[in-house]
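# Chains, contacts and geometry: an overview
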Amino acid sequence: MFQGPAALTLDGKGRLAMPARHRELLAAMGSSQLTITKHPEGSLMIFPRSAWEGFRDRVAALPMEASGWKRVFLGNAMDVEIDAQSRFLVPPELRASAGLVRDVMLLGMGSHFELWDAQRHAEHEAKVMQSDMPDSLKSFSF
């Protein structure tokens, strides 16, 4: 399970260094390949290959009424490799769609990661914290 935030910087070529705590878990999973695709809230989702396959299969099985979302998730998915320096390239098309230029936040979300522009993430989180809690969380015990 991936968890926790990491404030990172994209290099001039659009590469990102995977934090050590996540590298260790990816290595234990035998995964040096990642799949990156768009997230509905304007960030990117990054999956280890094995987690991507399960997500991809669930999306592919959606009914025709979800064809637009299938296109967003599957049509924008790109495979990348983690290199010997523990970096991976965030493809330019996906960087542009998420507004990623330099300062980013990588969030461990359990089976996958979210990659946000740092400023956009701060704004999004502030908005969420100011909004009403959804019914599904109102009976949740903290």
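Quick note: structure is the one above.
Residues numbered from 1 in each chain as written. Predicted model: local features only at pLDDT ≥ 70, side-chain atom pairs only at ≥ 80, totals over all residues. Heavy atoms only, no water.

### Observations concerning the packing of helix α2 (residues 49–60) against helix α3 (residues 67–75)
- As a packed pair, α2 and α3 sit with axes 10 Å apart at the nearest point and diverge in direction by 160°. Taken as axis vectors, α2 and α3 run roughly antiparallel relative to one another. The two elements α2 and α3 cross, and the hand of that crossing is left-handed. Every residue of α3 that contacts α2 at W52, F55, R56, V59 and A60 is listed here: K70, F73 and L74.
- A class-by-class count of the residues in the contact of α2 with α3 yields six nonpolar, no polar and two charged. (Axes fitted to C-alpha atoms, helices over the stretch in contact; angles between N-to-C directions. Helix = DSSP H or I, 4+ residues; strand = E, 2+ residues; numbered from the N terminus. Parallel < 35°, antiparallel > 145°, perpendicular 65-115°, else oblique. Left-handed = near helix turned anticlockwise from the far one by under 90°. Contact = heavy atoms within 4.5 Å. Nonpolar A, V, L, I, M, F, W, Y, C, P; charged D, E, K, R; others polar.)

### Section: the pattern of salt bridges
- A full pass over the atoms with the stated rule returns six salt bridges.
- Residue R49 pairs with D79 through a salt bridge whose shortest N-O separation is 2.9 Å. Taken together, the positions of R49 in helix α2 and D79 in strand β5 (residues 78–81) put the pair 30 residues apart, joining distant regions of the chain.
- A residue is classified by how much of its surface remains accessible, and R49, at 22% relative accessible area, is partly exposed.
- Overall, D79 belongs to the partly exposed group, its relative accessible area being 44%.
- Between D135 and K138 there is a salt bridge, with the nearest N and O atoms lying 3.3 Å from each other. With D135 and K138 both in helix α6 (residues 135–138), this residue pair falls three residues apart, about one helical turn.
- Residues participating in the shared-partner salt-bridge network are R49, E53 and D79. (Salt bridge = Lys/Arg side-chain N within 4 Å of Asp/Glu carboxyl O. Buried < 20%, exposed > 50% of the residue type's maximum accessible area, 1.4 Å probe, protein only.)

### Points about the packing of aromatic side chains
- Tallying each qualifying case throughout the model produces six aromatic pairs.
- Ring geometry for F2 against F113: centres 4.4 Å apart, planes inclined by 40°, an arrangement best described as tilted. In this pair, F2 sits in strand β1 (residues 2–9) while F113 sits in strand β8 (residues 113–117), placing the two residues 111 residues apart along the sequence. Neither residue differs from the other here; F2 and F113 are each classed as buried.
- Among the aromatic residues, ring-to-ring pairing joins F47, W52, F55, W69 and F73 into one connected group. (Phe/Tyr/Trp six-rings, centres within 6.5 Å; stacked < 30°, edge-to-face > 60°.)

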